[in-house]
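Letter by letter, the chains look like this.
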Amino acid sequence: MNAKEKNMHVAIVTTEIVPYSKVGGLADVMGALPDELETLGCGVTIFTPLYASIDRGSFGIRRLSEPSKLTAVVGTKKMPFSLYTAKKPGTSIDVYFIESKHFYGRKGIYTVPETGEGFEDEAERTVFFNRAVIESIKALDLHPDVIHCNDFHSGLIPAYMSMDEGGDPHFQGTGTVFSVHNLAYQGIFDPSFLETAGLERDFFTPGGPFEYWGKVNVMKIALLFSGIISTVSKTYAKEITTTDEYGYGLEGVLRSRKKDLVGILNGIDPDAWDPAADELIPANFTPADQEGKETCRAGLHKAFGLKPSAKAPVIGMVSRLVDQKGFDILAEAIPDLMKLDVRFAILGTGQQKYHELYEELQERYKGKFGVRLEYNNELAHLIEAGSDYFLMPSRYEPCGLNQMYSLRYGTIPIVRATGGLKDTIKNLDKAGGKGNGFTFKEYSAKGLTRAVTKAVEYFGDSKRLRRVRERIMQEDHSWKRSAEEYRKLYKRAKGRVGMRLTTR
Ligand code: ADP
Ligand code: GLC
């Protein structure tokens, strides 16, 4: 690495980040990737909202005195905000927090916790965050080589940088990378969003950048205006350019940018998910000494009200209870699966229909089917540690992290072969010498049942199981390789932006 590369500076923008805020995998990724980038010699700065739930004291988050008062234009209003900062734990990375009582002085990150519904002012909140980050970068007089935006919540930044004639002078030489973590959440708003966001109506024409079936689609804008687009696995990068099923209506836009679209598989933080040192589980264990896993298994039975059995494998799940994750085909498969000698331990929150459905199933199959409808990190660790199998029957899965956490804990994944699941999990052979899980292709209750049945049969041979666990626990899914790929990507993205609105 030469000195110039060493000074590469990337500003990462995200609406969730461990250890401050988390809804799903995006937070884990944002919590781990920057540390690895720093190790590789990149300069990293992070921008994220200061949600009401973030405990400022315990993270040493302090208000910046200079600049003390800033504003972000939302529609016709100038919305005030302040900048707070802290060093990311264990690093020298500056995290800048956008503070606004109006937008963040409430419970919830994207949705109202009580109802699961999106916030009514989602349009204003989205615009505010994007504008506030731009204003902050300028006020701090930062000149990053690359701004790395993640998902639609930060998808307007690339457009704001490119909208003035010749682009915003502050950002001359700054390139943009936009990462798609989930294409299903696009940020689709009524045309009045154009005024809220300050986007020109002239470009609200069919086929134009600001128009999407009579509405405005922030994800589409991000895909057009970013220098480079990445997503979180190679297979998902391919899938989203194919059909509507994966592209969610943006497959055409993605195809038009195919040469700038890359897939980089997420990694995991091996320290946060380490069976040998995990303080959240009842007993630790290692590939060579798996005894502690039995203690965790017993704890899991108890926590989920399951009837203990050495013979019946425990199948765990930790997931947002949403359509993406395959809860419809699982519910359909349950009557057949309950004929097998198995236990289920499911942890999750999400759509109301699944809360009701899964509570009902728990009632019906008491002692075999345990459900906890809550967000609970400790239980998530217990499931990873105490389960025999981990089920992810996703309809689509950009990457998925839990299958990799499971491997660390010797918990064999059963997955639908899609997106990142396909890239990380390969079928086990009979002898247990090759592969690391069970996969199925067809998105159906039948496919799922077949894979689970195979896994249950496999459970009978305890010696083989021990060998398989020992091997998969040692697989390396850390960020090392992928962070290097990001570093190369930033190099390529330096000074590179997507569409410019100067050619009218
Ligand atoms: P996604 O981002 O689509 O939700 P991932 O597999 O990438 O899926 O990441 C999900 C992350 O959220 C994991 O770290 C998982 O442990 C965590 N998680 C999901 N639901 C819960 C829950 N109910 N309690 C605790 N952790 C959860
Ligand atoms: C999204 C995806 C998940 C991915 C995560 C982090 O939430 O659903 O598959 O692992 O983002 O990239």
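Figured I'd write up the structure that's included with this text. Just so it is clear, the structure is predicted and the values come from calculations on it, not from any experiment.

## Details of the pattern of salt bridges
Thought 1: Scanning the entire structure with this criterion turns up 24 salt bridges.
Thought 2: Across the pair D35 and K88 runs a salt bridge whose closest N-O atoms are separated by 2.5 Å. Residue D35 is located in helix 2 (residues 25-39), and its partner K88 is located in the loop between strand 5 (77-87) and strand 6 (94-99); the two are separated by 53 residues in the primary sequence.
Thought 3: Given the relative accessible area of 3%, K88 is considered buried.
Thought 4: Of the charged contacts in the structure, one is a salt bridge between E485 and K234, with a shortest N-O distance of 3.7 Å. Linking E485 in helix 20 (residues 480-493) with K234 in helix 9 (residues 234-239), this pair joins segments that are 251 residues apart in sequence.

## Considerations on the pairing of strand 2 (residues 43-49)
Thought 1: With respect to burial, strand 2 is a largely interior element, six of its seven residues being buried.
Thought 2: Sheet topology places strand 1 (residues 9-13) next to strand 2; five bridges connect them, and they run parallel. Within the sheet, the bridge partner assigned to H9 lies in strand 2 and is G43.
Thought 3: Between strand 1 and its parallel partner strand 2, the chain crosses via helix 2, and the hand of that crossover is right-handed.
Thought 4: The pairing of strand 2 with strand 6 spans five bridges and is classified as parallel. Across the sheet, T45 pairs through a bridge with D94, a residue of strand 6.

## Regarding the site of ligand 1
Thought 1: Around ligand 1, a shell composed of 21 residues is seen, among which K22, G25, D28, R320 and K325 lie nearest.
Thought 2: Within the backbone of L401, a nitrogen or oxygen atom sits 2.9 Å from an oxygen atom of ligand 1.
Thought 3: Look at ligand 1: alone it shows 560 Å² of surface, and the protein chains cover 93% of it.
Thought 4: Elements with a minimum of two residues in the shell around ligand 1: helix 2, strand 13 (314-321), strand 14 (343-350), helix 15 (377-386) and helix 16 (402-408).
Thought 5: Sort the elements by how many residues they give to the shell around ligand 1 and strand 13 lands first, with three residues.
Thought 6: Among the residues making up the shell around ligand 1, the classes are represented as six nonpolar, nine polar and six charged.

## Regarding the site of ligand 2
Thought 1: Not every one of the 14 residues close to ligand 2 is listed here, only the nearest: H181, N266, E397, C399 and G400.
Thought 2: Take E397: an N or O atom from its side chain is 2.5 Å from an oxygen atom of ligand 2.
Thought 3: Taking C399, its main chain carries an N or O atom lying 3.0 Å from an oxygen atom of ligand 2.
Thought 4: Sorting elements by how many residues they give to the shell around ligand 2 places helix 2 first, with three residues.
Thought 5: Of the residues assigned to the shell around ligand 2, the class counts are six nonpolar, six polar and two charged.

## With respect to the sheet that holds strand 18 (residues 438-440)
Thought 1: Overall, parallel pairing links the six strands, which are arranged 15-14-13-16-17-18 in an open sheet. Of all the strands in the sheet, the pair left with one neighbour each is strand 15 (369-372) and strand 18. Direction aside, neighbouring strands of the sheet carry axes that sit 20° apart on average.
Thought 2: Across the face of the sheet, helix 12 (residues 291-303) comes into contact with strand 13, strand 14 and strand 15 while running at roughly 60° to strand 13.

## So, the packing of helix 13 (residues 327-337) against helix 14 (residues 352-364)
Thought 1: Two elements in contact, helix 13 and helix 14, have axes separated by 11 Å at closest approach and are oriented at 25°. Between helix 13 and helix 14, the angle falls in the class roughly parallel. Helix 14 is crossed by helix 13, and the crossing has left-handed handedness. Between helix 13, through F327, D328, L330, A331 and I334, and helix 14, the contact on the second element is made entirely by Y354, L357, Y358 and L361.

## As for the packing of aromatic side chains
Thought 1: If you walk through the whole model with that rule in mind, you get 25 aromatic pairs.
Thought 2: Centre to centre, the rings of Y20 and F59 are 4.8 Å apart; their planes meet at 70°, and the pair counts as edge-to-face. A residue pair is termed long-range when its members are at least 10 positions apart, and Y20 in the loop between strand 1 and helix 2 and F59 in helix 3 (residues 56-59) qualify at 39 residues.
Thought 3: For F59, a relative accessible area of 25% corresponds to the partly exposed category.
Thought 4: What links up through ring pairs into an aromatic cluster is the set Y51, F81, F103, Y104 and F128.

## Quick notes on the pairing of strand 8 (residues 175-180)
Thought 1: Extensive coverage of strand 8 is indicated by the burial of six of its six residues.
Thought 2: Alternating positions in strand 8 separate into two faces, G175, V177 and S179 on one and T176, F178 and V180 on the other, with burial throughout.
Thought 3: Two strands pair when backbone bridges link them, and strand 7 (residues 146-150) and strand 8 are joined in this way by five bridges, in the parallel orientation. Pairing of N150 across the sheet is with S179, part of strand 8.
Thought 4: Pairing analysis gives four bridges linking strand 8 to strand 11 (residues 228-231), with the strands arranged parallel. If you follow S179 over to strand 11, its bridge partner there is S230.

About the criteria used
- Residues numbered from 1 in each chain as written.
- Chains lettered and ligands numbered in written order.
- Predicted model: local features only at pLDDT ≥ 70, side-chain atom pairs only at ≥ 80, totals over all residues.
- Heavy atoms only, no water.
- Salt bridge = Lys/Arg side-chain N within 4 Å of Asp/Glu carboxyl O.
- Helix = DSSP H or I, 4+ residues; strand = E, 2+ residues; numbered from the N terminus.
- Buried < 20%, exposed > 50% of the residue type's maximum accessible area, 1.4 Å probe, protein only.
- Pairing = 2+ DSSP bridges.
- Right-handed = clockwise from strand over helix to strand, strands pointing away.
- Near = heavy atom within 4 Å.
- Polar contact = N/O pair within 3.5 Å; in protein donor to acceptor, adjacent residues only side chain to side chain.
- Areas by Shrake-Rupley, 256 points an atom, 1.4 Å probe, with all protein chains shown as cover.
- Nonpolar A, V, L, I, M, F, W, Y, C, P; charged D, E, K, R; others polar.
- Axes fitted to C-alpha atoms, helices over the stretch in contact; angles between N-to-C directions.
- Contact = heavy atoms within 4.5 Å.
- Parallel < 35°, antiparallel > 145°, perpendicular 65-115°, else oblique.
- Left-handed = near helix turned anticlockwise from the far one by under 90°.
- Phe/Tyr/Trp six-rings, centres within 6.5 Å; stacked < 30°, edge-to-face > 60°.

Honestly, that's just the spatial picture; any functional story needs more than this.
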